[in-house]
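Chain residues, written in single-letter form:
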Amino acid sequence: MKTLTVVVLASCLAPFPCAAAEEYDLLIKGGRVVDGTGAPWRRADVAVKGDRIVAVLPRIDAPARKTIDAAGRVVAPGFIDIHVHGWPMILDAPAAENLVRQGVTTLVDGPDGESPVPLRDSLAKIEALPPGVNYATLVGHGSIRASVLGNENRAPTPAELDRMGQLVRDAMRQGAFGLSTGLIYAPGTFAGTDEVVALARVAGELGGIHVSHMRDEAGGILDSVRETIRIGEEGRLPTQVSHHKLVGRPVWGRSVESLRLVEEARRRGVDVTIDQYPYTASLNSLGNPLLPPAALGGGD
């Protein structure tokens, strides 16, 4: 079945128009509307004015600057890509056609512990473009750590941890959706769990989430899942395992155990979730996943 994706910033999902019948900028006729609420699809016309859907009705007979015949197609809100390494490439390709052509209309940047610090200037540059997609971002723990400690393989002093916490607080107030960690990557791999919990608690106090590329996806997979759960539980915020997977034949099948850890945590009230990508290969740098942390201190 072909899919027609409508790029909008906000929508009206009510069965009645949000505005009186008038000339619309865009009228999409006769499609199968899947509105994202979980309701069954329904055949309807969709009217758009400016950047908003203003009517979703069984039939709309009104003038429009542009009309699309969507018969036999699906009309749906755009997808959200929750793990995008978009900065700074979006500055060179603000239309984000690689995403839009796949039906993605919202991206979440700043994963794996890496983001601009501070966020304010980068968000201002993106807003000035403006981009062809809705843009959200996390603030990266690794980037915050590097801005305070550089690439040193050591624990922060109390004063340094306070400084890192203030940078998380600033980023949240500047618009971050939460804290990302890349504990398999330098300099995030140099951080102990207590450090991450302390910073996650700051993000949680301001309504943020925690998303992690875990410390070990191979032999230490179960301990890494436990650590991710602990960060959410002690940090008192939602916590997510990025692209949950088991790397290497020796641990194949242990997802039965890792998923059990997630389910047990959820039953005791921890808001822990996972995401997963649908392919069997991965892309990474040579050094971070393969070399021991002791070899990564001080940079390349």
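Computed from a predicted model, the values in this text were never measured in an experiment.

## Focus: the overall build of the protein chain
Scanning the protein chain from terminus to terminus reveals 9 helices and 14 strands. Its C-alpha atoms give the protein chain principal-axis dimensions of about 65 × 45 × 35 Å. Going through the 300 residues of the protein chain one by one, you find that 44% of them count as buried. Within the structure as shown, the protein chain displays about 15,700 Å² of accessible surface, and the carbon and sulfur contribution to it stands at 55%.

## Some thoughts on helix α7 (residues 221-235)
Each α-helix turn comprises 3.6 residues. Residues three or four places apart therefore point the same way. Between its first and last C-alpha, α7 extends 21 Å over 15 residues, near the 21 Å set by a 1.5 Å rise per residue. Turning to α7, its buried residues number three or more, namely Ile 221, Leu 222, Ser 224, Val 225, Glu 227, Thr 228, Ile 229, Ile 231, Gly 232 and Gly 235. Where the residues of α7 are buried, they touch α6 (193-205), β12 (209-213), β13 (239-241), α8 (255-267) and β14 (272-274). With its phi angle positive at about 60 degrees, Arg 236 sits one or two positions after the end of α7.

## Description of the pairing of β12
Of all 5 residues in β12, 4 are buried, a share of seventy percent or more. Strand direction decides the pairing type here: strand β11 (residues 178-182) and β12, joined by 5 bridges, are parallel. The residue of β12 that forms the bridge with Ser 180 is Val 211. One crossover worth recording links β11 to the parallel β12 by way of α6, and it is right-handed. Two strands pair when backbone bridges link them, and β12 and β13 are joined in this way by 3 bridges, in the parallel orientation.

## Concerning helix α5 (residues 158-174)
Over its 17 residues, α5 runs 24 Å from end to end, which matches the ideal 24 Å to within 8%, given 1.5 Å per residue. If you check which residues of α5 are buried, you get Glu 160, Met 164, Gly 165, Leu 167, Val 168, Ala 171, Met 172 and Gln 174. The positive-phi residue at the C-terminal boundary of α5 is Gly 175, with phi of around 130 degrees.

## So, the confidence of the model for the protein chain
Per-chain confidence: the protein chain averages 91 in pLDDT, with 92% of residues scoring 70 or above. Low pLDDT, under 50, characterises residues 1-20; the stretch is placed with 52 contacts to residues that sit more than four places away or in other chains.

## Observations regarding the sheet that holds β11
With respect to topology, 5 strands assemble into an open sheet ordered β10-β11-β12-β13-β14, the strand pairing being parallel. Strand pairing shows two members of the sheet lacking a second neighbour, β10 (139-140) and β14, which therefore form its edges. The strands touched by α6 within the sheet are β11 and β12, with β11 carrying the most contacts at an inclination of about 155 degrees.

## Let's talk about the nonpolar core
By size, the foremost hydrophobic cluster in this structure holds 21 residues, and its most contacted members are Val 139, Val 168 and Leu 179. For this core, the secondary structure elements donating two or more residues are α5 and α6. No other element matches the 6 residues that α6 contributes to this core. Counting 13 residues, the second largest nonpolar core, distinct from the first, contains Ile 221, Leu 222, Leu 261 and Val 270.

## Here we look at the sheet that holds strand β7 (residues 79-81)
If you trace the 3 strands from one edge of the open sheet to the other, you get β7-β8-β9, paired in parallel fashion. Edge positions in the sheet fall to β7 and β9 (134-137), since each of these pairs with one other strand and no more. Strand-to-strand twist in this sheet, taken as the mean axis angle between neighbours without regard to direction, amounts to 20 degrees. Where β7 meets strand β8 (residues 104-109), 3 bridges bridge the pair, whose relative direction is parallel. Considered in β8, the bridge of Asp 81 is made with Leu 107.

## Points about the packing of aromatic side chains
One pass over the full model with this rule turns up 1 aromatic pair. Ring centres 4.3 Å apart and planes at 10 degrees place the aromatic pair Tyr 277 and Tyr 279 in the stacked group. Across the ring face of Trp 41, the terminal group of Arg 32 is positioned such that the distance to the ring centre comes to 4.6 Å.

## Examining the environment of Ala 55
Along the polypeptide, Ala 55 turns up in strand β4 (residues 52-57). Taking the C-alpha atoms as reference points, Ala 55 and Ala 44, 11 residues apart in sequence, are found 9.8 Å from one another.

## Overview of the side chain of Ser 143
Residue position: Ser 143 is located in helix α4 (residues 141-149). Ser 143 sits in the buried class, given a relative accessible area of 16%. Within polar-contact distance, the side chain of Ser 143 engages the backbone nitrogen of Ser 115 at 3.0 Å. Setting aside its immediate chain neighbours within four residues, Ser 143 contacts Gly 113, Glu 114, Ser 115 and Val 117.

Thresholds, definitions, all that
- Residues numbered from 1 in each chain as written.
- Predicted model: local features only at pLDDT ≥ 70, side-chain atom pairs only at ≥ 80, totals over all residues.
- Heavy atoms only, no water.
- Helix = DSSP H or I, 4+ residues; strand = E, 2+ residues; numbered from the N terminus.
- Buried < 20%, exposed > 50% of the residue type's maximum accessible area, 1.4 Å probe, protein only.
- Areas by Shrake-Rupley, 256 points an atom, 1.4 Å probe, with all protein chains shown as cover.
- Expected span 1.5 Å × (residues − 1).
- Contact = heavy atoms within 4.5 Å.
- Pairing = 2+ DSSP bridges.
- Right-handed = clockwise from strand over helix to strand, strands pointing away.
- pLDDT = per-residue confidence, 0-100.
- Axes fitted to C-alpha atoms, helices over the stretch in contact; angles between N-to-C directions.
- Core = buried A, V, L, I, M, F, W, Y, C linked by side-chain atoms within 4.5 Å.
- Phe/Tyr/Trp six-rings, centres within 6.5 Å; stacked < 30°, edge-to-face > 60°.
- Lys NZ or Arg CZ within 6 Å of the ring centre and 35° of its normal.
- Polar contact = N/O pair within 3.5 Å; in protein donor to acceptor, adjacent residues only side chain to side chain.

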